[in-house]
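# Results of the structural survey
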Amino acid sequence: MGYGVAANCLKAGLETWGADVNAAQIERFAGEGGKAVTGPGDYAEADVVVTVVVNAAQTEAVLFGEGGAVAQMKQGAVVVSCATVAPDFARAMAARCAEAGVLYLDAPISGGQVKAASGELSVMASGAPEAFAKARPVLDAMAAKVFELGDEAGPGSAMKAINQLLVGVHLAAMGEAMTFGMTQGVTPEQFVKVIPECAGTSWVLENRAPHVVSGDYTPLSAVDIWLKDLGIVSDIARSAKFSAPLTAAALQQWVAASGMGMGREDDAAIAKLYATHAGLTLPGGDT
């Protein structure tokens, strides 16, 4: 998703530097006219630093670890933090940025690689008005919708947790429903043809169920993402003394799928977990 964000900033005419652990991505980015971050000093002139990483630990490392961006950034520049993290973590990062004179926008994203590539992400953002103003050219380049959810960090990440609760549960329900149908003689092909036209559909089902039908589990979003994200939801719920039984049930399915070796596969592979337990064969020969 980070590549899509960077590429769309380039398309919008913004001078853009990219950093990635994958050298091939940097070469590709350079081929499109981007520049590579070669050292901490490259952050010194940045007006906006966008972090699109996996989790809180990576976010903190990029911002405040060895050679971290924040210590190099100029006063009044803004960090746009896009990872799914707990609201308390977002508030802590905002406070540390403020100590350095840097603005922080709590800005998790939704839409996956496809929407990132097309510049049509949804951004659930919260932060000071000046952070929004500074980040606006980048937000306009990367997103179709920017939801402004408050003037301090935290609400953006809270909204993303709500979204991830729903998506993680919907994905598990999709896998369960599709394989349940197979026990009743309903093929995955029939499922994909009929259910999207009925009240039981969802964006997740319409987007991921075809992956099962094609037997293609090339990851757009991996199984292991849901261990992290539903784990975050569970932690937030526990701290709020809120019972979240559907989250807990779905999380156990994701843990099981990862434990069976599916962690790096597309999250539609959750259907393979149900198929294995039921002795069913999915398209492509997966059981």
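Refer to the structure above for everything that follows.
Residues numbered from 1 in each chain as written. Predicted model: local features only at pLDDT ≥ 70, side-chain atom pairs only at ≥ 80, totals over all residues. Heavy atoms only, no water.

On to the overall build of the chain. Broken down by element type, the chain carries 12 helices and eight strands. The C-alpha radius of gyration of the chain comes to 20 Å, within 12% of the 19 Å expected for a compact globule of 287 residues. Each of the three principal axes of the chain carries a C-alpha extent, and together these read 65 × 50 × 35 Å. Burial analysis of the chain (287 residues in total) assigns 43% to the buried set. Long-range pairs, those at least 24 residues apart, make up 64% of the contacts in the chain between residues at least 6 apart in sequence. Taking the 18 positively charged and 30 negatively charged side chains of the chain as two groups, their mean positions are separated by 2 Å. (Helix = DSSP H or I, 4+ residues; strand = E, 2+ residues; numbered from the N terminus. Rg over C-alpha atoms; globule rule 2.2 N^0.38 Å. Buried < 20%, exposed > 50% of the residue type's maximum accessible area, 1.4 Å probe, protein only. Contact = heavy atoms within 4.5 Å. Lys, Arg positive; Asp, Glu negative; His and termini not counted. Charge placed at Lys NZ, Arg CZ, Asp CG, Glu CD.)

What follows concerns the pairing of strand 5 (residues 103-106). Here is the key point about a regular strand: its side chains alternate between the two faces of the sheet. Here strand 5 shows no split at all, with L103 and L105 on one side and Y104 and D106 on the other all buried. Summarising the sheet, strand 4 (residues 78-81) and strand 5 pair through four bridges and their orientation is parallel. Paired with V80 across the strands is L105, a residue of strand 5. With respect to chirality, the unit in which strand 4 leads through helix 4 (residues 87-99) into the neighbouring parallel strand 5 is right-handed. (Pairing = 2+ DSSP bridges. Right-handed = clockwise from strand over helix to strand, strands pointing away.)

Attention now moves to the sheet that holds strand 3 (residues 48-51). Overall, parallel pairing links the three strands, which are arranged 3-4-5 in an open sheet. Each of the sheet's edge strands pairs with one partner strand only, and the pair in question is strand 3 and strand 5. The sheet shows a mean angle of 20° between the axes of neighbouring strands, direction not considered. The sheet contact formed by strand 3 and strand 4 spans four bridges and is parallel. From the neighbouring strand, V50 faces strand 4, where its bridge partner is V80. Helix 6 (residues 129-142) contacts strand 3, strand 4 and strand 5 of the sheet and is inclined by roughly 65° relative to strand 5. (Axes fitted to C-alpha atoms, helices over the stretch in contact; angles between N-to-C directions.)

This brings us to the packing of aromatic side chains. Going through the model one piece at a time under the given rule, you end up with two aromatic pairs. With 6.0 Å between their ring centres and 80° between their planes, Y3 and F29 make a pair best called edge-to-face. Placement of the pair is Y3 in helix 1 (residues 2-11) and F29 in helix 2 (residues 23-31), with a sequence separation of 26 residues. For Y3, a relative accessible area of 15% translates into the label buried. Directly above the aromatic system of Y3 lies the positively charged group of R28, at a separation of 3.8 Å from the ring centroid. Residue placement shows R96 over the ring face of F64; its charged tip is 4.1 Å from the ring centre. (Phe/Tyr/Trp six-rings, centres within 6.5 Å; stacked < 30°, edge-to-face > 60°. Lys NZ or Arg CZ within 6 Å of the ring centre and 35° of its normal.)

So, on to the side chain of T16. By the element assignment, T16 lies in the loop between helix 1 and strand 1 (17-18). Note on T16: relative accessible area 10%, which makes it buried. Side-chain polar atoms of T16 contact the backbone oxygen of L14, separated by 2.8 Å. Discounting chain neighbours no more than four positions away, the residues touching T16 are A6, C9, L10, F29, G34 and K35. (Polar contact = N/O pair within 3.5 Å; in protein donor to acceptor, adjacent residues only side chain to side chain.)

On to the pattern of salt bridges. Pairing of side chains with opposite charge becomes possible as their charged atoms draw close. Applying the stated criterion across every chain, the model contains 10 salt bridges. With a closest N to O distance of 2.7 Å, E265 and K272 form a salt bridge. A relative accessible area of 21% places E265 in the partly exposed class. What you see here is one network of salt bridges that share partners, running through R208, D266 and D267. (Salt bridge = Lys/Arg side-chain N within 4 Å of Asp/Glu carboxyl O.)

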